[in-house]
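Here's the letter readout for the chains.
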Amino acid sequence: MSCISALATFTDGFHAEDSCNCMQYSTLGKTGLEVSKISFGAAVFSSIYGEFEIKEAEATLVQALKSGVNYIDTAPWYGQGQSEECLGQILKDVPRSAYYIATKVGRYCTDYKNMFDFSAKRTRESVERSLELLGLEYVDVIQVHDIEFASDVGVVINECLPELENLIKEGKARFIGVTGYSLNHLKECILRAPGKFDVVLSYARYTLMDNSLESYVKFFQNENLGIVCASGHAMGLLTNCGPEAWHPASDEQKQLCRKAAKICKEAGIELGKLAMYHFLQLSGATTFLTGMKTRHALDMNLNAFYCGLNLKEQEVLQLLKDTVFTKSFNWEGVELERYWSAMKKLQN
């Protein structure tokens, strides 16, 4: 844990020390970056999670940064550049020294034919386009997005990674990461490229309904990786409002989460706050990444971190664990099967 005023991202004239000195910071693996325990997921600054208001998005991100949050995550996939473009508009008025930012390569378009491309050529084009949209000279972390969708991990190892290393040498990025839903695919890729990755991002794998990430933490730590634990709300599934229509969970899984939301609503409690509190309990993760498109969501998530749960919230959380989320479940393989089925039809 670091004193806020000693952090590389603490910026006089932007941060007020007394407004963010409660935040906790940890070193992101071997990068040396001291990142906040809560980090900002900018996928919500796109159509993926429904409509958002740019002025509210700006106010939310700036308030988060001023509160000590110093790590932002985005990707070309989020609205096909919409998230990066939105961030570029907001961050032009924020000192570059005040934050670290990560984006991704590999996942792009909504049509299946052009959705994934891990080639060296596309990797370079993607990074340069991301920098243009973000209005930045470099990103701190460049990540290979959803590794399990690569037809052969060899193209990642032999094309994508060497090109990312070239981009780092050119000063367009600082560190390399890998992301995915499938923990086995993440492990395989990391083992196939020893020492090449600095950061691993796992999403929706440590939540009220799925604790799978817990058994991989030691492996990631032994590889000296910074662990970004993302999406404690399981991409909207663990909220009172529920997920977007595209969510890959099964109808049965969605029904269980609707049952949990109903219990919370009747108690006057937000399921999202309980999910965030539970999410933050994973030992070994460096930072907990969550999407926040309103200041209300930001305040709720920070409150779950700073203050924990009140007695009533604790009782409802325990009730959910005892009666609703009694066993671990996930949707692994659903999106992969859908993708390869669509690709097979295109090839025929």
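Residue indices begin from 1 for each chain and proceed along its sequence in written order. Under the rules for a predicted model, residues below a pLDDT of 70 receive no local features and side-chain atom pairs below 80 are neither given nor counted, while totals for whole chains, interfaces and linings still include all residues. Only hydrogens and water are set aside; all other atoms, that is, all heavy atoms of the structure, feed into the side-chain values.

### Considerations on the packing of aromatic side chains
In step 1: Between 30 and 60 degrees the pair is tilted, below 30 it is stacked and above 60 it is edge-to-face, where a pair is any two Phe, Tyr or Trp rings, Trp via its six-membered ring, whose centres lie within 6.5 Å. Under the counting rule described, the total for this entry stands at 15 aromatic pairs.
In step 2: Ring plane angle 10 degrees and centroid distance 4.5 Å describe the contact between Phe116 and Phe149, whose orientation is recorded as stacked. In this pair, Phe116 sits in the loop between β5 (100-105) and α4 (120-134) while Phe149 sits in the loop between β6 (139-144) and α5 (153-169), placing the two residues 33 residues apart along the sequence.
In step 3: Classification of Phe116 by relative accessible area gives buried; the value is 11%.
In step 4: The buried label goes to any residue with under 20% of its type's maximum accessible area, the exposed label to any with over 50%, and the partly exposed label to all in between, with areas taken from a 1.4 Å probe on protein chains only. Looking at Phe149, the relative accessible area reads 3%, which means it is buried.
In step 5: Between Tyr339 and Trp340, the aromatic rings sit 4.8 Å apart at their centres with planes inclined by 75 degrees, giving edge-to-face as the arrangement. Where helices and strands are cited, they refer to DSSP runs of H or I of at least four residues and of E of at least two residues respectively, numbered from the N terminus.

### What to know about the layout of surface pockets
In step 1: Lining residues are defined by having an atom within 4 Å of a point belonging to a cavity or pocket. Those points lie on a 1 Å grid over the protein atoms alone, cavities being sets where a 1.4 Å probe fits but cannot get out and pockets being open sets with protein on both sides within 12 Å along at least five of seven lines. Grid points are joined across faces, edges and corners, and a volume is the space filled by probe spheres set on the points. As a volume, the largest pocket reaches approximately 1300 Å³.
In step 2: Surrounding the largest pocket, 48 residues form its lining, Ile48, Tyr49, Met235, Gly236 and Trp246 being those nearest its centre.
In step 3: At the level of elements, β8 (199-203), β10 (287-291), α10 (295-306) and α12 (334-347) are the ones that each hand at least two residues to the lining of the largest pocket.
In step 4: Looking at the lining of the largest pocket element by element, the count peaks at four residues for α10.
In step 5: Here the nonpolar group is Ala, Val, Leu, Ile, Met, Phe, Trp, Tyr, Cys and Pro; Asp, Glu, Lys and Arg are the charged ones; every other residue, Gly included, is treated as polar. Its residues assigned to classes, the lining of the largest pocket comprises 23 nonpolar, 16 polar and nine charged.
In step 6: In this structure, the second largest pocket spans a volume of roughly 170 Å³.
In step 7: What lines the second largest pocket is simply Tyr206, Thr207, Leu208, Met209, Asp210, Asn211, Glu214, His278, Lys321, Phe325, Lys327 and Ser328.
In step 8: Grouping the constituent residues of the lining of the second largest pocket by class yields four nonpolar, four polar and four charged.

### Notes on the sheet that holds β8
In step 1: Any two strands are treated as partners once DSSP identifies two or more bridges connecting them. Read around the closed barrel, eight strands run β3-β4-β5-β6-β7-β8-β9-β10, paired in parallel fashion. When strand polarity is set aside, the average angle formed by the axes of neighbouring strands in this sheet is 30 degrees.
In step 2: Strand direction decides the pairing type here: strand β3 (residues 38-41) and β10, joined by four bridges, are parallel. Across the sheet, residue Gly41 finds its bridge partner in β10, namely Gly291. The axes used here are C-alpha line fits, helices contributing only the stretch in contact, and every angle between their N-to-C directions lies in the interval 0 to 180 degrees.

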